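# Observations on the three-dimensional arrangement
Spelled out from the first residue to the last, the chains are:
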Amino acid sequence: MINAVIIDDEEKSRKILIRLINEITDDVKIVGEAGSVNDGFSVINQLNPDLIFLDIEMLDGTGFNLLEKFAEIKFDIIFTTAYDQYAILAFKYSALDYLLKPINIDELENAISRVKKDETSVHDKYALIENLLQNMTLNSTPQRIAIKGANSIDYININEILYCTTDLYLTEFNMLNGSKVYSIKTLKDYEELLDEDTFFRISKSHLINSNFVASYKKDTSIVKMSNNFEIEITRRRKREFIEFMDKKLMN
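Report on the accompanying structure. (Residues numbered from 1 in each chain as written. Predicted model: local features only at pLDDT ≥ 70, side-chain atom pairs only at ≥ 80, totals over all residues. Heavy atoms only, no water.)

### Some words on the pattern of salt bridges
- The final tally for this structure, using the stated rule, is 11 salt bridges.
- One salt bridge in this structure joins D27 and K116, with 3.1 Å as the shortest N-O distance. Taken together, the residues span a long stretch of sequence, with D27 in the loop between α1 (11–24) and β2 (28–34) and K116 in helix α5 (residues 105–117) at a distance of 89 residues.
- Residues E172 and K180 are paired through a salt bridge, measuring 3.6 Å at the closest nitrogen-oxygen approach. (Salt bridge = Lys/Arg side-chain N within 4 Å of Asp/Glu carboxyl O. Helix = DSSP H or I, 4+ residues; strand = E, 2+ residues; numbered from the N terminus.)

### So, the sheet that holds β2
- Taken in spatial order, the 5 strands make up an open sheet running β2-β1-β3-β6-β7, and their pairing is parallel. At either end of the open sheet lies a strand with only one pairing partner, and these are β2 and β7 (98–100). In this sheet, neighbouring strand axes are inclined to one another by 20 degrees on average, regardless of whether the strands run parallel or antiparallel.
- Pairing analysis gives 4 bridges linking strand β1 (residues 2–7) to strand β3 (residues 51–55), with the strands arranged parallel. Note on β3: the bridge partner recorded for I6 is F53.
- Helix-sheet contacts for helix α2 (residues 37–47) involve β1, β2 and β3, and the interaxial angle to β2 is about 140 degrees.
- In the packing of α5 onto the sheet, contacts are made with β1, β2, β3, β6 (76–81) and β7, and the angle to β6 comes to roughly 160 degrees. (Pairing = 2+ DSSP bridges. Axes fitted to C-alpha atoms, helices over the stretch in contact; angles between N-to-C directions. Contact = heavy atoms within 4.5 Å.)

### Considering the nonpolar core
- With 25 residues, the main nonpolar core has I7, L54, L67, F75, I77 and F79 as its most contacted residues.
- Looking at this core, the elements that each hand over two or more residues are β1, α2, β3, α3 (63–67), β6 and α6 (122–136). (Core = buried A, V, L, I, M, F, W, Y, C linked by side-chain atoms within 4.5 Å. Buried < 20%, exposed > 50% of the residue type's maximum accessible area, 1.4 Å probe, protein only.)

### A few points about the sheet that holds strand β13 (residues 199–203)
- Taken in spatial order, the 5 strands line up as β12-β11-β10-β14-β13 in an open sheet, and their pairing is antiparallel. Lying at the two open borders of the sheet, with one neighbouring strand each, are β12 (180–183) and β13. Pairwise comparison of adjacent strand axes, ignoring direction, gives a mean angle of 20 degrees for this sheet.
- In the sheet, strand β10 (residues 161–166) pairs with strand β11 (residues 171–175) via 5 bridges, with the strands oriented antiparallel. Pairing of C164 across the sheet is with F173, part of β11.
- Strands β13 and β14 (206–209) of the sheet are contacted by helix α8 (residues 238–250), whose axis makes an angle of about 155 degrees with β13.

### A closer look at α1
- For α1, built from 14 residues, the straight-helix expectation of 20 Å at 1.5 Å per residue is met to within 8% by its first-to-last C-alpha distance of 20 Å.
- All buried positions along α1 are accounted for by S13, R14, L17, I18, L20 and I21. Axial view of α1: buried residues confined to an arc of 165 degrees, hence all on one face. Away from its buried face by more than 90 degrees, α1 exposes K12 and K15.
- Close packing links the buried residues of α1 with β1, β2, β3 and α5. (Expected span 1.5 Å × (residues − 1). Arc of directions from axis to C-beta.)

### Observations regarding the packing of aromatic side chains
- Within this structure, the stated rule accounts for 8 aromatic pairs.
- With centroids separated by 5.0 Å and ring planes inclined at 45 degrees, the aromatic side chains of F200 and F244 adopt a geometry described as tilted. A residue pair is termed long-range when its members are at least 10 positions apart, and F200 in strand β13 and F244 in helix α8 qualify at 44 residues.
- Look at Y216 and F241: their rings are 5.5 Å apart centre to centre, the planes differ by 75 degrees, and that puts the pair in the edge-to-face class. One end of the pair, Y216, is in strand β15 (residues 213–217); the other, F241, is in helix α8, and 25 residues separate them in sequence.
- Joined through ring pairs, the aromatic side chains of F200, Y216, F241 and F244 make up one cluster.
- Against the face of F41 rests K69, its NZ or CZ located 5.5 Å from the ring centre. (Phe/Tyr/Trp six-rings, centres within 6.5 Å; stacked < 30°, edge-to-face > 60°. Lys NZ or Arg CZ within 6 Å of the ring centre and 35° of its normal.)

Rendered as structure tokens:
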């Protein structure tokens, strides 16, 4: 059984969330509620829950203000938010669960399922929150991304990614400094997540950072990256790639 607390300054939102959770599972028990940052802090310390459903904007502060009160994050968090697209990107780049209001029951079920399977350490949970807080301070696309591997979480600067490759099970990030970082997510996941004005899928197994393209040879369909790594672009992506790079050079 997962003991959970809901922290949201709207009583109606709390009641809706409780109803949805009860429809989905018997494994999550709502043991407490709070409608403010201060009350939320007291409830968490009193009940020591396993999971927090945390609203972002509240009358006496934000969910982030609440989290900053804890020296350690020992509980799982599912954020509930009505934030705009840039804030949503910050959550995605930080590999943290969020639910966009009004809450979709299928997305809620998926988030709870991920919590049940999560084996992230206390230290890594806190680091994920720190990465989110850093990304949330920006006014545009976040600059750091949390990469969940099989046994670790790495935090990398997006502008230092040269290209990504994949096999059936892992995505490999090839970095500007020559290092490699591995993720359990698919290349398609990162194609959808990373900035489409910068990253381009040139083949089934390669997603490149266009800022590091050194040359493209039309006769051989070879793209050379700044580290001299060469990738053959698939036939069906040639025209789109040329148009993509032409547009990029014009901006």
